[in-house]
Amino acid sequence: MNKSMVTVMATLLLASLALAHPAPATGRADCLSIPSKILGHPVGYCVLFPPSYEAEKTRRYPVLYLLHGLGDNEQMLIRSGGFNLIQDLWDRHRLGEFLIVTPAADASFYVDSRDGHQRYEDFFVQEFLPVFEHRYRTRLERASRGIAGISMGGYGALHLAFRHPRIFGSVGAHSAALIEKPPVINSVDSHQLARVRILGDVFGSPVDPVFWKQNDPLTIVRTADLAGLHIYFDCGSEDDYGFDAGARALDKLLLSRRIPHEFHLYAGGHNWTYFAEHLPALLQFHYQVFASASLRHDSSP
């Protein structure tokens, strides 16, 4: 089945889930941009507002930064039908309210590139987070700030959360692009050449194994202080890129360090059908962290 057909089927699945329980469209989405001195150009983003955001003008909300995968962009949820699914969860009171924002990241893997030309991690931490949280009514405590992602975005979410655990209270990933060893290109077919170009722009060409390990969540997690960070990740047992092996490796590393986490290996591949099926669980995981933080905040003297 080709990629376009998979996308169409996943979109239909998301739409059918939403239409199964019709409700008024009360949330909304905006797509804008943030200027960046670090990257030298504006960076687009799309933000999903919960139903009460416009009416409750003094209320502040938790925020989930949801990172897109390779080949996608900031409109990931809107184009896939994911926004309709999330809106339906809100309208049926199956999910608590928080902001969801997806920034554009091209093929950056959400790290600072080896050659220093694309400092996406610096941009995200130093520019995007403070500008976004000043522009919108967000809660500013760590436990009210989560990060998650899909595929390349899952890699980015784990990388950023493990590198900056004092910023985020929760991290989640669907089918994160985790590879236990730096990739070695053994052939020169068109797919391999495309992979060389994409990875080379970020990790060096050929891939610099030292730089790769410095940014690899599977390496960072071995020594990072992750106390208080709530961790969720899942992967399909038939992942098309073999990322299930990386997910299992991360599970073992966390277990070896006795770090609490939630890991699921579900039947499925690496496609939007899989992501659509498990997106509600990821969102619910983050909301539970947000809700606990809100209770602690409201009950404090």
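**Q** Let's hear about the pattern of salt bridges: which residues, and what values?
**A** Summed over all chains, the structure comprises 14 salt bridges. The shortest N-O distance in the salt bridge between E121 and R163 comes to 3.6 Å. Of this pair, E121 sits in helix α4 (residues 120–135) while R163 sits in helix α5 (residues 152–163), placing them 42 residues apart in sequence. Its salt-bridge partner being D244, residue R248 comes within 2.9 Å of it at the nearest N-O pair. Taken together, the residues span about one helical turn, with R248 and D244 both in helix α9 (residues 243–256) at a distance of four residues.

**Q** Report on the layout of surface pockets, specifying residues and quantitative values.
**A** A volume near 160 Å³ is recorded for the second largest pocket. E180, K181, P182, W212, K213, D216, L218, T219, R222, A249 and L253 are the residues that line the second largest pocket. Those elements giving two or more residues to the lining of the second largest pocket turn out to be α7 (209–215), α8 (217–220) and α9. By residue class, the composition of the lining of the second largest pocket is five nonpolar, one polar and five charged.

**Q** Can you break down the confidence of the model for the chain residue by residue, with the values?
**A** In the predicted model, the chain carries a mean pLDDT of 89, and 86% of its residues have values of at least 70. For the stretch residues 1–23, pLDDT sits under 50, and the model shows 25 contacts to residues farther than four places along the chain or on other chains.

**Q** Summarise the packing of α4 against α5; cite the residues concerned and give the values.
**A** Two elements in contact, α4 and α5, have axes whose closest approach is 12 Å; the angle formed by their N-to-C orientations is 60°. What the angle tells us is that α4 and α5 run oblique. With respect to the hand of their crossing, α4 and α5 are arranged in right-handed fashion. Side by side, α4 and α5 meet where E121, F124 and V125 of the first sit next to H159, L160 and R163 of the second. When grouped by side-chain class, the residues that make up the contact of α4 with α5 number three nonpolar, one polar and two charged.

**Q** Give a description of the pairing of strand β7 (residues 230–236) that names residues and reports values.
**A** By the criterion of burial, β7 is predominantly enclosed, with six of the seven residues buried. As paired strands, strand β6 (residues 170–174) and β7 are joined by five bridges and run parallel to one another. Each residue of the ladder has a partner; that of G172, found in β7, is Y232. Taken together, the five bridges between β7 and strand β8 (residues 262–266) define a ladder with parallel strand orientation. From the neighbouring strand, D234 faces β8, where its bridge partner is H264. Taken together, β7, α9 and β8 form a β-α-β motif whose crossover is right-handed.

**Q** Outline the sheet that holds strand β3 (residues 63–67), listing residues and values.
**A** Hydrogen bonds between backbone groups are what pair the strands of a sheet, and the pairing can be parallel or antiparallel. Strands sit in the order β1-β2-β4-β3-β5-β6-β7-β8 across an open sheet of eight strands; the sheet is mixed. Pairing within the sheet leaves two strands with one partner each, and these edge strands are β1 (28–34) and β8. The average undirected angle you get between the axes of adjacent strands in this sheet is 15°. Taken strand by strand, helix α3 (residues 82–91) contacts β1, β2 (43–49) and β4 (99–103), and its axis lies near 30° from that of β2. Running over the sheet, α5 touches β3, β5 (145–150), β6 and β7 and is turned about 150° from β5.

Each value, and the rule that gives it
Residues numbered from 1 in each chain as written. Predicted model: local features only at pLDDT ≥ 70, side-chain atom pairs only at ≥ 80, totals over all residues. Heavy atoms only, no water. Salt bridge = Lys/Arg side-chain N within 4 Å of Asp/Glu carboxyl O. Helix = DSSP H or I, 4+ residues; strand = E, 2+ residues; numbered from the N terminus. 1 Å grid on protein atoms, 1.4 Å probe; cavity = no way out; pocket = protein on both sides within 12 Å on 5 of 7 lines; lining within 4 Å. Points joined across faces, edges and corners; volume = space filled by probe spheres on them. Nonpolar A, V, L, I, M, F, W, Y, C, P; charged D, E, K, R; others polar. pLDDT = per-residue confidence, 0-100. Contact = heavy atoms within 4.5 Å. Axes fitted to C-alpha atoms, helices over the stretch in contact; angles between N-to-C directions. Parallel < 35°, antiparallel > 145°, perpendicular 65-115°, else oblique. Left-handed = near helix turned anticlockwise from the far one by under 90°. Buried < 20%, exposed > 50% of the residue type's maximum accessible area, 1.4 Å probe, protein only. Pairing = 2+ DSSP bridges. Right-handed = clockwise from strand over helix to strand, strands pointing away.

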